[in-house]
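Residue-level listing of the chains:
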Amino acid sequence: MTQSSGKSLLELNNIGKSFPGTRALDGVTLRLNAGEVVSLLGENGAGKSTLMKILSGAWPHGSFDGEIRLAAPDGSLVPARFSDTRDAHAAGISMIHQELSVFPELTVAEHLAMEALPHWIQWEPVFARAQRFLDTLGFGLRARDKVGSLSIGNQQCVEIARALYRDARILIFDEPTSALTEQETERLFGIIDRLRAEGRGILYITHRMDEIFRLSDRIFVLRDGRAVDEARARTDAGPVPRKELENKLISAMVGREIDNVYPRKNRAFGAEVLRVEGLRVCDSSGNARVEGATFQLRAGEVLGLAGLLGAGRSELMEGLFGVLNGAGPKGRSFGVEGRIWARGKECSLQNPRAAIDEYLAFVSEDRKGSGLVLGQSVRSNMVLPSLSAGRAELTRAPGVFAPVRGVAERSAVGRWRDELRIKLASVDQPVNELSGGNQQKVVLAKWLMTEPAILFLDEPTRGVDVGAKAEIYEWIQRLAAKGIGILLASSEMPELIGLCHRVIVLREGRFSAEFSDADVTQEKIMKAASL
Ligand SMILES: Nc1ncnc2c1ncn2[C@@H]1O[C@H](COP(=O)(O)OP(=O)(O)OP(=O)(O)O)[C@@H](O)[C@H]1O
Ligand SMILES: [Mg+2]
């Protein structure tokens, strides 16, 4: 691995940015050298994404304070002003998005060439040129493939290829691995190593400490919009000792020490709250995504679902919650078969509303797709499932004057905002103005507000900072202690081991093993999860 050449690529000078009611960034100064990976670490809402949006032209010149300075050909740093992301692209700066936000129907070649294409086109040379370029990258991409048909990992590679096609000198990654498989993640790290060796500069945002230590030359910590710490993760003598640095970074980031991440497990179990027999979930082509799933869940129990990406964990939850019945998302139709008893009563959970009426709640993994209505306020998002349910205690007297319900609603929303420490300017703010991790907390809040007896959590800590993770873990044990039965899917094995009483492993839609918490280990889970 090459060390940074010390040649300066970029300086963000004294950057400030305000939103109504929020000072998102305040006097932040950051430098990036050629051949260097700098990671940005900070709590949810600390300002990481905002800083990178400024650098990538998504917030135009004039909408923030301070100055962006970029290396000129002679090596001196000169001020840069971007009106949009195209300007930033032209200046050699590209942000790699988690998944392709653009046009699924276009081919890989069209994505690469998009900005340079005239209206009249001879396609053959475009494909040929794109394919020659792709071959030099070795990502295994084919110019003629439609981007929408690719896996998330390959879509991300298209984004990277696109940046390199424009010969970007600075690449920005904002939590790039959250939707990737382990292999895709490894491949991405290999690509980043190569970009560094080529002398490009990388800015990398993550909440995962392993990634910080795997990739970074330097780590930059933001807290409440200010730079609070900066550390080298690698010296000429090699990587610096991890544990000590990790503790120092975490306390700089959250303003306190975090020890004992996993709270004591609840040990008092009650009656069975959920029984599932022979569950089968099919996709639109009739392929079983889950087959023969049989299990029970007791009040106060936390049951883990482990498995590789695509093993059927999400589909199992979606099937039970009635999300996949009939016409599924994007017009696909699914089939769900099997018998389900909720709180001792056999029921057919035809749709989410029926599930909510049986005291089920589902914090889904896909917060943009099914979790939140992005244009609507935090408040209406939070109360949505409670209001759509037919359960009398949630809607309370339906004839009550709207303003009265408004007041009750406000206080419930305010209580959950405080309980989960959701960072926002106002509960009437559109939810898409919240930072990623705070959006995740809104999803959690809106389901906890339904006062469920059975709670499904699918990757509940994705995109959440280390401090908030520990708080969510505490919540899980507290809810279990209150007698809620919890089904928890996670790809983080320490999380399953630290929280669950039992762990079921799925492999290609079938249960391949079950472990009690007394004898579960990461090795056993991995072995049962892989073929
Ligand atoms: N468009 C916007 N309108 C209003 N406020 C915003 C907007 N974008 C960001 N903010 C606010 O700015 C602050 C910083 O948000 P930002 O998204 O940069 O955080 P982050 O560090 O990326 O957090 P996370 O780890 O959760 O992704 C937050 O308080 C957020 O609510
Ligand atoms: Mg962010």
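Numbers given for residues are sequential positions, taken from 1 along each chain in its written order. By the order in which they are written, chains take letters starting at A while ligands take numbers starting at 1. Local features in this predicted model are restricted to residues whose pLDDT is 70 or higher, and side-chain atom pairs enter the listing and the counts only when it is 80 or higher, whereas totals over whole chains, interfaces and linings include all residues.

Moving on to the overall build of the protein chain. Comment: elements are numbered from the N terminus, with helices defined as DSSP H or I runs of at least four residues and strands as E runs of at least two. For the protein chain, the helix and strand inventory stands at 18 helices and 23 strands. The size measure is the radius of gyration over C-alpha atoms, and the globule rule it meets is 2.2 Å times the number of residues to the 0.38 power. Computed over C-alpha atoms, the radius of gyration of the protein chain comes to 24 Å, within 12% of the 24 Å expected from 2.2 N^0.38 for 531 residues, which places it in the range of a compact globule. Projecting the C-alpha coordinates of the protein chain onto the three principal axes gives extents of approximately 75 × 50 × 50 Å. Partly exposed residues are those falling between the two cut-offs: more than 12 but fewer than 20 other C-beta atoms within 10 Å of their own, whereas 20 or more means buried and 12 or fewer means exposed, with C-beta atoms placed from the backbone. Taking all 531 residues of the protein chain together, the buried fraction comes to 43%. The contact criterion used here is simple: two residues whose C-beta atoms, placed from the backbone, lie within 7 Å are in contact. Of the contacts formed within the protein chain by residues at least 6 apart in sequence, a portion of 72% connects residues at least 24 apart.

Moving on to the site of ligand 1. Near ligand 1 there are 20 residues, and of these N44, S49, T50, S435 and G437 occur at the shortest range. Of all the elements in the fold, those that place two or more residues in the shell around ligand 1 are β2 (22-33), α1 (48-55) and α15 (436-448). Here the nonpolar group is Ala, Val, Leu, Ile, Met, Phe, Trp, Tyr, Cys and Pro; Asp, Glu, Lys and Arg are the charged ones; every other residue, Gly included, is treated as polar. Its residues placed into classes, the shell around ligand 1 shows 5 nonpolar, 11 polar and 4 charged. Residue proximity rests on one test: whether the C-beta atom, placed from the backbone, lies within 6 Å of the molecule or strand.

Bringing the environment of L77 into the picture now. Tracing the backbone through its elements, the reader meets L77 in strand β5 (residues 77-80). Owing to 17 C-beta atoms within 10 Å, L77 belongs among the partly exposed residues under this scheme. Distance from L77 to V126, taken between C-alpha atoms, is 35 Å for residues 49 residues apart in sequence. Among residues more than four places away in sequence, those in contact with L77 are S8, E11, R69, L70 and A71.

The criterion for strand pairing is that DSSP finds at least two bridges linking the strands in question. The pairing of strand β13 (residues 272-282) with strand β14 (residues 288-298) spans 7 bridges and is classified as antiparallel. Bridge pairing in β14 links E272 to R298. Two successive antiparallel strands, β13 and β14, enclose a turn made up of 5 residues, where G286 displays a positive phi of approximately 85 degrees.

The next point concerns the nonpolar core. Defined on buried residues, the nonpolar core groups Ala, Val, Leu, Ile, Met, Phe, Trp, Tyr and Cys residues joined through C-beta atoms within 7 Å. Ranked by size, the top nonpolar core spans 70 residues in total, and within it F321, L360, V442, F456, I486, L488 and V503 carry the most contacts. The contacts of L488, once residues within four sequence positions are left out, are V302, L303, G304, L305, L457, L496, L499 and C500. Core analysis: the next-biggest nonpolar cluster, separate from the first, contains 67 residues, M52, F82, L134 and V466 among them.

Below, the discussion takes up the sheet that holds β2. Overall, antiparallel pairing links the 4 strands, which are arranged β2-β1-β4-β5 in an open sheet. Only two strands of the sheet have a single neighbouring strand rather than two, namely β2 and β5. Each strand of the sheet is rotated relative to its neighbour by a mean of 25 degrees, with strand direction disregarded. For strand β1 (residues 8-19) and strand β4 (residues 65-71), the ladder comprises 5 bridges, and the chain directions are antiparallel. Along β4, the bridge assignment pairs G16 with D65. Lines fitted to C-alpha atoms define the axes, with helix axes restricted to the stretch in contact, and inter-axis angles between N-to-C directions lie between 0 and 180 degrees. Here α1 sits on the sheet and contacts β1, β2 and β4; the angle it forms with β1, its principal contact strand, is near 120 degrees.

Here 4 bridges tie β4 to β5, and the two strands are oriented antiparallel to one another. In the strand pairing of β5, A71 is matched with L77. Between β4 and β5, which pair antiparallel and follow one another directly, the connecting turn spans 5 residues, one of which, G75, has a positive phi of 95 degrees.

For Y359, which is not glycine, the phi torsion reads 70 degrees and is therefore positive. Its location among the elements puts Y359 in the loop between α10 (352-357) and β19 (360-363).

With respect to the helices and strands, the residue V78 is situated in strand β5. C-beta crowding within 10 Å serves as the criterion here: with 10 such atoms nearby, V78 is assigned to the exposed category. With 67 residues separating them along the chain, V78 and E11 place their C-alpha atoms 9.3 Å apart.

Right, let's talk about the sheet that holds strand β20 (residues 454-458) for a bit. If you trace the 6 strands from one edge of the open sheet to the other, you get β19-β20-β21-β15-β22-β23, paired in mixed fashion. If you trace the sheet from one side to the other, it starts and ends with β19 and β23 (510-516), each paired once. Across the sheet, the mean angle from the axis of one strand to that of its neighbour is 20 degrees, orientation sign disregarded. Packing against the sheet, helix α9 (residues 313-320) makes contact with β15 (302-306), β19, β20, β21 (485-489) and β22 (502-507), and its axis sits at approximately 145 degrees to β21.

Of all residues in the protein chain, 91% attain a pLDDT of 70 or more, and the chain-wide mean is 88. Along the chain, pLDDT gives the predictor's confidence residue by residue, from 0 to 100. Here residues 328-332 scores under 50 on pLDDT; set against residues more than four positions off or in separate chains, the count is 6 contacts. Contacts of residues 396-404 to residues separated by more than four positions or lying in other chains number 1 contact, the stretch itself having pLDDT below 50.

Quick look at helix α16 (residues 466-481) now. The end-to-end C-alpha distance of α16, which contains 16 residues, comes to 23 Å, matching closely the 22 Å that a straight helix rising 1.5 Å per residue would cover. Every buried residue of α16 is accounted for by V466, A468, I476 and A480. Seen end-on, α16 carries its buried residues on one side only, within an arc spanning 155 degrees. In the stretch just after α16, G483 is the one whose phi turns positive, near 100 degrees. Expected span of a helix, by definition, is 1.5 Å for each gap between consecutive residues, and there is one gap fewer than residues. The directions considered for the arc are those from the helix axis to the C-beta atoms.

Along the chain, the position of N351 falls in the loop between β18 (345-347) and α10. Each C-alpha atom, one on N351 and one on L324, is 8.0 Å from the other, the two residues being 27 residues apart in sequence.

Attention shifts here to helix α6 (residues 182-197). Taking 1.5 Å as the rise per residue, α6 with 16 residues should run 22 Å; its terminal C-alpha atoms sit 23 Å apart, in good agreement. The set of residues buried in α6 consists of L188, I192, L195 and R196. Angularly, the buried residues of α6 cover 95 degrees about the axis, an arc narrow enough to put them on a single face. In α6, the exposed residues that point more than 90 degrees away from the buried face are E182, Q183, G190, R194 and A197. Tucked inside the fold, the buried residues of α6 contact β3 (36-42), β7 (170-174), β8 (201-205) and α7 (209-215). Remark: G199 follows α6 within two positions and exhibits a positive phi of approximately 90 degrees.

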